[in-house]
Amino acid sequence: MDSGFSISSEKNRFACRHPLRDVAPGTYIPPLHSSIYRTSSRNTYGDRFIPNRSAMDMDIAQYLLTEPRRDKENKGVASPSREAYRKLLADTMLQGRTRILSFRNKPPEQVNMLPDIPSTTQVQPAKQRRHIPQSAERTLDAPDIVDDYYLNLLDWGSANVLSIALQNTVYLWDAANGSTSELVTIDDDLGPVTSVSWAPDGRHIAIGLTSSDVQLWDTTSNKLVRTLRGIHQSRVGSLAWNNNILTTGGMDGAIVNNDVRARSYTVSTFRAHNHEVCGLRWSGSGKYLASGGNDNLLHIWDLSTTNPIHRFTQHTAAVKALAWSPFQSNLLASGGGGNDRCIKFWNVNTGTCQSSVDTGSQVCALLWNKNERELLSSHGHTENQLTLWKYPSMTMMAELTGHSSRVLYMAQSPDGCTVASAAGDETLRFWNVFGVPEAKKPAPKSSYVEGPSNIYSHIPTICLRRHSPPTTTTNVATRILPLPLSSSELTTYLSFAPPLHRFRFGDLPADYLTSSPTSIPNPNLIKLNSIVFRLVLDPMQPMVRSL
């Protein structure tokens, strides 16, 4: 089991501190590149010229090397006739040359051995590696934050407002203007706050309490909307939203799904953990729920059943860090506590562990990059760092240090670029680790013209080919149905019976295909009054997938 709650011995020292104030004002400025790395362009003339010894006149070289020395030795006894003889001899032998090692053959001109060949393919420039700042962009003070591995006290909503719980008080920090406001302070008999989670609308927030209650607040009016009572027997340390379903996990090991719109809000209860549930995450599609507990177990759930569809026991410590892949809906990453230290990747369709990597320290939180195949993990002892990994190779891209205590909580901005981390050192730090996403190319214009506004307005034109019964191949006709059409209009137009086959156009389920209950092997075929209809899409439109 991982160490959970710890209390700072210097609590009184922070009595005058203001939450979410800048610790070190100023923004991060990337270091300038040193001039020593700049290289000037130089002309290249190929390899050095190696002289040919046969082109040298060794006799002349010997004379020039020894004659000056002889002159110095015999300087005092030189006569005019001897000097005239020496000059005549030099002119005759040297023929006006004065250099000792002079070559008869000049070095050859540089020859280009690779002739220019016109290229038919354009070379693509190499993609520059993204700069990852090694220090926090901003640091805020977070006095009295609870240092507990099993809690979830930080979340970033879709409205770009960050929430953090400091003991009994929940604070809101607006990332747009940097303003801080206090949402609520919980009474001592109910607190402290053990979890916070924003609803998808970015307006409402759920707050889990030590008393086992869960409060739902409207942050625009600072009003308590409702309180969910009696769903747990002890503190609520984890929360997760799936549209209007709020899933809560408690120290009692129970997982409860609550419809916050209904008077009787409890929809279902999952019971499979023996200890506290410290991690909850719904998949992006809302189909699967992942839960991790202090019993070292990881479960995968489906709302259609109260039993887990997968039970993973490979972790050897508490499983709190959970993250669903944004680019592969069936891929889940999980991180184990201090006795495990591993990040594991699961295929929830097959129920198998695809890979595992030992990080060397307690894994506290995981976040995927929304724009690149990268994973960010936060850790405890001994480095208290954030590590950026490249998936699926799991090569380390960067290590971000600055926290002096384990980094228990992480949250990601709505645009996916900035990550906020909170640690037991009572600081909240912001990291520009995921960079700015590349501008998306505009979608090609479609020739389809929308009709009246309804829920089917985005569905492309469908072509139905009418065939006579399979015994013959005559009397073949084609009919084009211009969309949008409402379901009732299409039903009336084709005189269909109750639906038998259902199809999905894009992401919208529609009961366009209906037929009498006749067994047909091909799901794209329907049978009506002994006439077989086959669904054929315009080749310029996307494919149809069966639900």
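Residues numbered from 1 in each chain as written. Predicted model: local features only at pLDDT ≥ 70, side-chain atom pairs only at ≥ 80, totals over all residues. Heavy atoms only, no water.

Undergrad: Quick question: what am I supposed to make of the layout of surface pockets here?
TA: Where empty space is left in the structure can be found by rolling a water-sized probe over the atoms. A volume near 1,400 Å³ is recorded for the largest pocket. Forming the walls of the largest pocket are 47 residues, and the residues nearest its centre are D155, W156, R281, W282 and K370. Considered class by class, the residues forming the lining of the largest pocket number 28 nonpolar, 15 polar and four charged. (1 Å grid on protein atoms, 1.4 Å probe; cavity = no way out; pocket = protein on both sides within 12 Å on 5 of 7 lines; lining within 4 Å. Points joined across faces, edges and corners; volume = space filled by probe spheres on them. Nonpolar A, V, L, I, M, F, W, Y, C, P; charged D, E, K, R; others polar.)

Undergrad: Mind showing me how you'd approach the confidence of the model for the chain here?
TA: Keep in mind that low pLDDT regions are not for reading the predicted coordinates in detail. With 62% of its residues at a pLDDT of 70 or more, the chain shows a mean pLDDT of 76. This model gives residues 7-14 a pLDDT under 50, and the stretch forms five contacts once residues within four places in sequence are excluded. Predicted confidence for residues 446-547 stays below pLDDT 50, and this span has 159 contacts to residues more than four positions away or in other chains. (pLDDT = per-residue confidence, 0-100. Contact = heavy atoms within 4.5 Å.)

Undergrad: It is not clear to me how the pairing of strand β16 (residues 298-302) should be interpreted in this structure. Could you clarify?
TA: One face of the sheet, then the other: side chains in a regular strand alternate in exactly this way. Of all five residues that make up β16, five are buried, and the element is covered over most of its length. Burial along β16 is two-sided: L298, I300 and D302 and H299 and W301, pointing in opposite directions, are all buried. With three bridges joining them, β16 and strand β17 (residues 310-312) adopt antiparallel strand pairing. Across the sheet, the residue bridging to L298 is F312, located in β17. (Buried < 20%, exposed > 50% of the residue type's maximum accessible area, 1.4 Å probe, protein only. Helix = DSSP H or I, 4+ residues; strand = E, 2+ residues; numbered from the N terminus. Pairing = 2+ DSSP bridges.)

Undergrad: What is the right way to read the sheet that holds strand β12 (residues 254-259) from this model?
TA: To summarise the sheet geometry, strands pair through backbone hydrogen bonds and adopt either a parallel or an antiparallel arrangement. The strand order across the open sheet built from four strands is β10-β11-β12-β13, with neighbouring strands paired in antiparallel fashion. Each having just a single partner strand, β10 (236-242) and β13 (266-271) make up the two edges of the open sheet. If you compare each strand with its neighbour and ignore which way they point, the axes differ by 20° on average. Bridge count for β12 against β13 is five bridges, and the pairing is antiparallel. Residue pairing for β13: I255 is matched across the bridge by F270. (Axes fitted to C-alpha atoms, helices over the stretch in contact; angles between N-to-C directions.)

Undergrad: What am I meant to see in the nonpolar core here?
TA: In a soluble, globular protein the nonpolar side chains are often hidden away together inside. Counting 40 residues, the largest nonpolar core has L154, L162, I164, I207 and L428 as its most contacted members. In terms of residue count, strand β3 (residues 161-166) provides more of this core than any other element does, five residues in total. In this view, I164 contacts L20, A142, I145, L153, L154, T169, V170, Y171, A422 and L428; residues no more than four positions away in its chain are not counted. Counting 16 residues, the second largest nonpolar core, distinct from the first, contains L386, L400, V433 and F434. (Core = buried A, V, L, I, M, F, W, Y, C linked by side-chain atoms within 4.5 Å.)

Undergrad: So what exactly am I meant to see when it comes to the UniProt feature "repeat: WD" (unreviewed entry) in the chain here?
TA: Feature annotation in UniProt places "repeat: WD" (unreviewed entry) on residues 186-227, 270-311 and 400-433, given in this structure's numbering. Between the C-alpha atoms that bound residues 400-433 there is a distance of 9 Å. The span itself is 0% helix and 50% strand. (UniProt positions renumbered as here; feature names shortened; annotations may be inferred.)

Undergrad: Would you explain the pattern of salt bridges in this entry?
TA: A side chain of one charge can pair with a side chain of the opposite charge when the charged atoms of the two come close. Inspection of the entire model under this criterion finds nine salt bridges. The closest approach of N and O atoms between R406 and D147, which form a salt bridge, is 3.1 Å. Of this pair, R406 sits in the loop between β25 (395-400) and β26 (407-412) while D147 is found in the loop between β1 (138-141) and β2 (154-156), placing the two residues 259 residues apart along the sequence. Each member of the pair, R406 as well as D147, carries the same accessibility label: buried. Of the charged contacts in the structure, one is a salt bridge between D148 and R235, with a shortest N-O distance of 3.1 Å. You can see D148 sitting in the loop between β1 and β2 and its partner R235 sitting in the loop between β9 (223-228) and β10, a full 87 residues away along the chain. What you see here is one network of salt bridges that share partners, running through D148, R235 and E276. (Salt bridge = Lys/Arg side-chain N within 4 Å of Asp/Glu carboxyl O.)

Undergrad: In this structure, what is going on with the environment of S361? I would like to understand it.
TA: Inspection of the secondary structure puts S361 in the loop between β21 (352-358) and β22 (363-368). Sequence separation between S361 and Q385 is 24 residues, and the spatial gap between their C-alpha atoms is 9.5 Å. Leave out the neighbours within four places in its chain, and S361 touches R341, H379, G380, H381, T382 and Q385. Among the polar contacts listed, one links the side chain of S361 to the side chain of H379, at a separation of 3.2 Å. (Polar contact = N/O pair within 3.5 Å; in protein donor to acceptor, adjacent residues only side chain to side chain.)

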